[in-house]
Amino acid sequence: MKLKACFLVVSVLLIGIAADSKDAKPVEGVNPGDFAPRIVVNGNESEIHFQNPDGRFTLVNFWAAYDAESRAENVLLWNAVRKLNGSTEKVSMCSISLDERNSVFEETIRADKLDRTTQLHEEKGCQSDVYRKYKLERGLRNFLIDDRGIIVATNISSESLAELGKRI
């Protein structure tokens, strides 16, 4: 009988804890549903803000010239955002290069014919706070962030971005 009573008490406590967690607020992190960590880029001395009262999403893409896949994806995403936006800006893009040498960053931007206003350079590369905060040691990736600063997707492809654009 004591075992049944203990089981009942534990069950009620677990149900109470689970019910309370529905009201939990997002925390800062790098997973969908988390608040995106604040970004301060050293090479440009820029701070990126994600809260947008106009409902615009922000695509933050991390890349480096030494990582051919991330560099190619940066160009594809930039073109997808331009096409998606057309006459309205549904998604703003911020690409952050983790190349330590500014000359490499500048040459890559020129060679890839990218809009300089959407490209930022983090001169500390893998030693930067942004690299650590966004856990990029697991690989360079991107984050789609809503107008409240909450991550809604990671590693979104240019094709997925085009699909998403039809819904927002």
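Residues numbered from 1 in each chain as written. Predicted model: local features only at pLDDT ≥ 70, side-chain atom pairs only at ≥ 80, totals over all residues. Heavy atoms only, no water.

Asks: Sorry if this is basic, but what is going on with the sheet that holds strand β5 (residues 119-121) here?
Replies: Within a sheet, neighbouring strands are paired by backbone hydrogen bonds and run either parallel or antiparallel to one another. Strand order in the open sheet formed by 5 strands is β5-β4-β3-β6-β7, with mixed pairing between adjacent strands. Each edge of the open sheet is held by one strand with a lone partner, namely β5 and β7 (151-154). The average undirected angle you get between the axes of adjacent strands in this sheet is 20°. By the bridge criterion, 7 bridges tie strand β3 (residues 57-63) to strand β4 (residues 91-97) in an arrangement that is parallel. Along β4, the bridge assignment pairs Trp63 with Ser97. (Pairing = 2+ DSSP bridges. Helix = DSSP H or I, 4+ residues; strand = E, 2+ residues; numbered from the N terminus. Axes fitted to C-alpha atoms, helices over the stretch in contact; angles between N-to-C directions.)

Asks: Is there a simple way to explain the nonpolar core in this structure?
Replies: A general tendency of soluble globular proteins is for nonpolar side chains to be buried together. Core analysis: the largest hydrophobic core is formed by 19 residues, its most contacted members being Ile39, Ile48, Phe50, Phe62, Ile96 and Tyr134. Only β1 (39-41), β3, β4, α4 (129-133) and β6 (142-145) provide two or more residues apiece to this core. The contact partners of Ile48, leaving out residues within four places of it in the chain, are Ile39, Val41, Cys94, Ile96 and Leu120. Core analysis: the next-biggest nonpolar cluster, separate from the first, contains 18 residues, Ala80, Val81, Val91 and Ala153 among them. (Core = buried A, V, L, I, M, F, W, Y, C linked by side-chain atoms within 4.5 Å. Buried < 20%, exposed > 50% of the residue type's maximum accessible area, 1.4 Å probe, protein only. Contact = heavy atoms within 4.5 Å.)

Asks: Sorry, what's going on with unusual backbone geometry here?
Replies: Note: most residues except glycine have negative phi, and most peptide bonds are trans. The phi dihedral of Lys113 falls on the positive side, at around 55°, and the residue is not glycine. One can find Lys113 in the loop between α3 (102-112) and β5. For Asn155, which is not glycine, the phi dihedral falls at a positive 55°. Within the secondary structure, Asn155 is located in the loop between β7 and α5 (158-167).

Asks: What am I meant to see in the pairing of β7 here?
Replies: Regular strands show a simple pattern: their side chains alternate between the two faces of the sheet. As paired strands, β6 and β7 are joined by 3 bridges and run antiparallel to one another. Paired with Phe143 across the bridge in β7 is Thr154. In sequence, β6 turns back onto β7 through a hairpin of 5 residues, with Gly149 there showing a positive phi of about 90°.

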